[in-house]
Amino acid sequence: MKCLVMVQGSQADYEAMAGKPSAGSPAWSEKDVKAMFAFMEGLNNDLAESGEMVDGQGLTEPARTRAVLPGADGRPVITDGPYGETKEQLAGYWVLDCASLERVTEIAARIQECPQPEGAPVYPVLIRPIDDGGEPGSPE
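Residues numbered from 1 in each chain as written. Predicted model: local features only at pLDDT ≥ 70, side-chain atom pairs only at ≥ 80, totals over all residues. Heavy atoms only, no water.

The next subject is the sheet that holds strand β5 (residues 89-97). Pairing is antiparallel in the open sheet, where four strands are placed in the order β2-β5-β1-β6. Looking along the sheet, the strands with just one partner apiece sit at the ends: β2 (53-58) and β6 (126-129). Recorded for the sheet is a direction-independent mean angle of 20 degrees between the axes of neighbouring strands. Relative to the sheet, helix α2 (residues 30-50) contacts β2 and β5, its axis offset from that of β5 by approximately 25 degrees. (Pairing = 2+ DSSP bridges. Helix = DSSP H or I, 4+ residues; strand = E, 2+ residues; numbered from the N terminus. Axes fitted to C-alpha atoms, helices over the stretch in contact; angles between N-to-C directions. Contact = heavy atoms within 4.5 Å.)

The following block contains the structure:
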């Protein structure tokens, strides 16, 4: 079963990783950032070795987001982020091909073990099965 596994973050979190704290996100040290990247590299290597990794990427900060919407005159309206109405945004993802939803859930639990500084926000790891062309709402 293929699943999209997603982690979230806010603009403040990206700024904290660059050493700029805010009320909800303490500043990360260089050691904190290196520990996070080492953890993710180990996870990605394990998933590649097991054959479960299809793709995985970290995304740039929400401030570099661009939204394209249809305008009233039919021309596209393009805006740049970040967007106040959405605090948490997609920060990174994996496309995994695993034997079961239980296995994907085990991987998501491992992702939650990623080191971060004390007081940093904790977001859920989201799992979305990828539609394989089956019936809408079907589990697989």
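To continue, consider helix α3 (residues 101-111). All of the buried residues in α3 are V104, I107, A108 and I111. Projection of α3 onto a plane perpendicular to its axis shows the buried side chains occupying an angular sector of 100 degrees, all on one side. Every exposed residue of α3 that faces more than 90 degrees away from the buried side is listed here: E102 and E106. (Buried < 20%, exposed > 50% of the residue type's maximum accessible area, 1.4 Å probe, protein only. Arc of directions from axis to C-beta.)

Topologically, D13 is positioned in helix α1 (residues 11-17). Separated by 48 residues in the primary sequence, D13 and E61 place their C-alpha atoms 8.8 Å from one another. Apart from the residues lying within four places of it in its own chain, the contact partners of D13 are S25, P121 and Y123. Here S25 takes part through its side chain, which lies 2.6 Å from a polar atom of the side chain of D13. (Polar contact = N/O pair within 3.5 Å; in protein donor to acceptor, adjacent residues only side chain to side chain.)

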